[in-house]
Amino acid sequence: QVQLVESGGGLVQAGGSLRLSCAASGRTFSTYAMGWFRQAPGKEREFVAGISWSGGTTYYADSVKGRFTISRDNAKNTVCLQMNSLKPEDTAVYYCAARPTAIVRVFTTQSDYTYWGQGTQVTVSS
């Protein structure tokens, strides 16, 4: 069982930056592929970024590529999402997700993930 707790959300002006963090409980964090998803009001939850258990492979949604960076620190059981050049359309609740796996790859669909955090609100004003 893994518990995920997101932090770092807030209100920021367009063009600004935020850094989201996800702290994971448990001693097997390094065996989990991790992902960030987001859900805007009235829309379905969508994939934002993912990282393999080793940290060596990352993948981004086209809408955030070049602006967001996902990273992880297996020694600290954390995964982060650095968000730069934020746009109003980035406004959403951001969720951290985890999937136990021995495969070095990134997973991009919700059904791939086993554990989810409670979410953190990101609001970008124009």
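Let me sum up the structure you'll find in this document. (Residues numbered from 1 in each chain as written. Predicted model: local features only at pLDDT ≥ 70, side-chain atom pairs only at ≥ 80, totals over all residues. Heavy atoms only, no water.)

Thoughts on the overall build of the protein
Part 1: A count of helical and extended segments in the protein gives zero helices and 11 strands.
Part 2: Written out in order from the N terminus, the α and β elements of the protein read β-β-β-β-β-β-β-β-β-β-β.
Part 3: For the protein, the C-alpha radius of gyration of 13 Å lies close to 14 Å, the compact-globule estimate for 126 residues.
Part 4: Based on the C-alpha atoms only, the size of the protein along its principal axes is roughly 40 × 25 × 25 Å. (Helix = DSSP H or I, 4+ residues; strand = E, 2+ residues; numbered from the N terminus. Rg over C-alpha atoms; globule rule 2.2 N^0.38 Å.)

Examining the nonpolar core
Part 1: Residues Leu4, Met34, Trp36, Val79, Leu81, Met83 and Tyr94 are the most contacted members of the largest nonpolar core, which totals 38 residues.
Part 2: Mapped onto this core, the elements with two or more residues apiece are strand S3 (18–24), strand S4 (32–39), strand S5 (46–51), strand S7 (68–73), strand S8 (78–83), strand S9 (92–100) and strand S11 (120–125).
Part 3: Residue contacts for Tyr94: discarding those within four places in its chain leaves Glu6, Leu20, Trp36, Phe37, Arg38, Val48, Phe68, Leu81, Met83, Gly119, Thr120 and Val122. (Core = buried A, V, L, I, M, F, W, Y, C linked by side-chain atoms within 4.5 Å. Buried < 20%, exposed > 50% of the residue type's maximum accessible area, 1.4 Å probe, protein only. Contact = heavy atoms within 4.5 Å.)

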